[in-house]
2 protein chains.
Amino acid sequence: MSEHQPVNPEPDLRELFATHHLRCTRQRRVLYGALMATDSHPTADHLFQELSRRDHSISLATVYNTLEAFCRAGLAQRIATPSGSARYDASVHNHLHIRDENSGVVADVPEDLGKRFLDAIPREVIQQLESHLDFDIRELKVELVGRYRPDMRQ
Amino acid sequence: MSEHQPVNPEPDLRELFATHHLRCTRQRRVLYGALMATDSHPTADHLFQELSRRDHSISLATVYNTLEAFCRAGLAQRIATPSGSARYDASVHNHLHIRDENSGVVADVPEDLGKRFLDAIPREVIQQLESHLDFDIRELKVELVGRYRPDMRQ
DNA sequence: TTTGATGCAAAGACTTTGCATGCTT
DNA sequence: AAGCATGCAAAGTCTTTGCATCAAA
């Protein structure tokens, strides 16, 4: 559904970037646009190829550097994967990921389901962990690893 | 406490390896011994250096290949990290990790605390996720990201 | 005008592979 | 004896960096 929605080449990013002290360049606009437009957690190379195909010229080094800048600014998030190349994600609110063991693909758990999961964790369990470990928990990363069920339709 | 416990150079690994269809070589024994003996989730290079220091000669390529063999056999687990190099873990039962944002170091959450956390998640929330996503959840990876509290002792 | 961003190529970090040799089974 | 493991070096992948040029503020 959201698979091939067109990338708006110039969303209202000026303000967003300004807020985060990022210069608003063409490359940053199209890169962030592409990252926002997908929920497939692309790798740097995915994004590079996607933008090249769309004639939005950008160099691979800039893709890497810019994604890194987005992450520092809190506009994106890097997801480490077992397969070597990092994947990126424009939405930064706490959410869960599912990872398909077969393909390595990472996807988001829909907000409401994720919230239900997080809300189910009793606060005192978190506090117990924090005090026992002497650790401030700032973020909970949860990944559901498994595989999609076979499609049973004939 | 378990920081510097001596690595038993020849634990009873013959059987373990046999069960998992792994040849029992000197390199595999010392490598698995070293991995078992620590809870610091070492990188391949950590292990290589540690063993080299102990005169347990092994090549870096063999460390990589052998860790990969352990993972395939289910005797170890590879943890992807944001910083590039993978970390390894000999214990494979479901457990939680904490990651220090400052140092990048990953550590285990003690079994009992982890269990308390996992047990706090209602089964029906999991089932809800599975049916909504049409996905079989085989493993739950949870990482508590944050930082250790400053030591207040004077 | 100043400062930071971009692009290119080169370097760097981490990991895997090809192949000859050696050790386990 | 057969077959997998090892070690080395080379190749591969992914990412970062140096530096000259260019664009945003």
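Above this text sits the structure in question.
Let me sum up the structure you'll find in this document. None of these values were measured; they are calculated from a predicted model. Starting from 1, residues in each chain are numbered consecutively following that chain's sequence as written. Lettering for chains starts from A, numbering for ligands starts from 1, and both go in the order in which the items are written. Totals for whole chains, interfaces and linings use all residues, but because this is a predicted model, local features are given only for residues with pLDDT of at least 70 and pairs of side-chain atoms are given and counted only at 80 or more. Side-chain metrics in this entry use all non-hydrogen atoms of the structure; hydrogen atoms and water are not considered.

1. Section: the relation of the copies chain A and chain B
When chain A is fitted to chain B, the best match, at an RMSD of 0.1 Å, comes from turning it 180° and sliding it 0.0 Å along the axis. Both copies are brought into coincidence by an operation consistent with a two-fold rotation axis. Nearest to the rotation axis, the C-alpha of A:V142 is located 2.3 Å from it, this being the minimum over chain A. Whether two residues are in contact is decided by their heavy atoms, any of which lying within 4.5 Å being enough. Both copies share a contact surface, since 100% of the interface residues of chain A are interface residues in chain B too. Here the copies are superposed with least squares, the fitted atoms being C-alpha atoms of residues at a pLDDT of at least 70 in both.

2. Points about the interface of chain A and chain B
Taken together, the contact pairs 40 residues of chain A with 40 residues of chain B. Buried area: the accessible area, evaluated with a 1.4 Å probe, that two parts lose upon being put together, summed over both parts. Approximately 3800 Å² of surface area, both sides summed, lies buried where chain A meets chain B, with 65% of it carried by carbon and sulfur atoms. Counting the surface chain A buries against chain B, the share from its top three residues, A:F117, A:F135 and A:R149, is 18%. For A:D136, the salt bridge is made with B:R149, and the minimal N-O distance between the two is 3.0 Å. Helix and strand assignments come from DSSP, with helices taken as H or I runs of at least 4 residues and strands as E runs of at least 2, each series counted from the N terminus. Of all the elements in the fold, those that place two or more residues in the side of chain A that touches chain B are β3 (97-100), α5 (111-119), α6 (123-133) and β5 (135-148) of chain A. Salt bridge criterion: a side-chain nitrogen from Lys or Arg within 4 Å of a carboxyl oxygen from Asp or Glu.

3. Notes on the protein's contact with DNA strand D
Being near a molecule or strand, for a residue, comes down to having at least one heavy atom within 4 Å of it. Residues in contact with DNA strand D amount to 20 residues; listed here are only the nearest, A:Y64, A:A86, B:R23, B:T25 and B:Q27. Considering DNA strand D, the proportion of its atoms within 4 Å of the protein that are sugar or phosphate atoms stands at 72%. Definition of a polar contact: a pair of N or O atoms within 3.5 Å, with one able to donate and the other able to accept a hydrogen when the atoms are protein atoms, and with sequence-neighbouring residues admitted only if both atoms are side-chain atoms. Taking A:R23, its side chain carries an N or O atom lying 3.5 Å from a base nitrogen of DNA strand D. Between DNA strand D and the protein, one listed contact pairs a sugar or linking oxygen with a side-chain N or O atom of B:Q27 at 2.7 Å.

4. Some thoughts on unusual backbone geometry
Its identity as a non-glycine residue notwithstanding, A:H41 has a phi of 50°, on the positive side. A 1.4 Å probe rolled over the protein chains alone gives each residue an accessible area, and that area as a share of the maximum for its type sets the label: buried under 20%, exposed over 50%, partly exposed in between. On the basis of relative accessible area, A:H41 is assigned to the buried category, the value being 1%. One non-glycine residue, B:H21, lies in the positive phi region at around 60°. Tracing the backbone through its elements, the reader meets B:H21 in the loop between α1 (13-19) and α2 (26-37).

5. Thoughts on the sheet that holds strand β3 (residues 97-100) of chain B
Across a sheet, strands are paired by hydrogen bonds formed along the backbone, either parallel or antiparallel in direction. Strands pair, by our definition, only if DSSP identifies at least two bridges between them. Spatial ordering of the open sheet is given by β4(A)-β3(A)-β5(A)-β5(B)-β3(B)-β4(B), a layout of six strands whose pairing is mixed. The open sheet terminates on both sides in strands that have one partner only, identified here as β4 (106-108) of chain A together with β4 (106-108) of chain B. Shown here is a sheet whose adjacent strand axes are inclined to one another by a mean of 30°, direction ignored. Pairing of β3(A) with β5(A) involves four bridges; the strand directions are parallel. Its bridge partner being in β5(A), A:I98 is matched across the sheet by A:L144. In this analysis, axes come from line fits to C-alpha atoms, helices being fitted only over the stretch in contact, and the angle between any two N-to-C directions falls in the range 0 to 180 degrees. Across the sheet, α6(A) lies against β5 of chain A together with β3 and β5 (135-148) of chain B, angled at about 120° from β5(A), the strand it touches most. Across the sheet, helix α6 (residues 123-133) of chain B is in contact with β3 and β5 of chain A together with β5 of chain B; its angle to β5(B) comes to roughly 120°.

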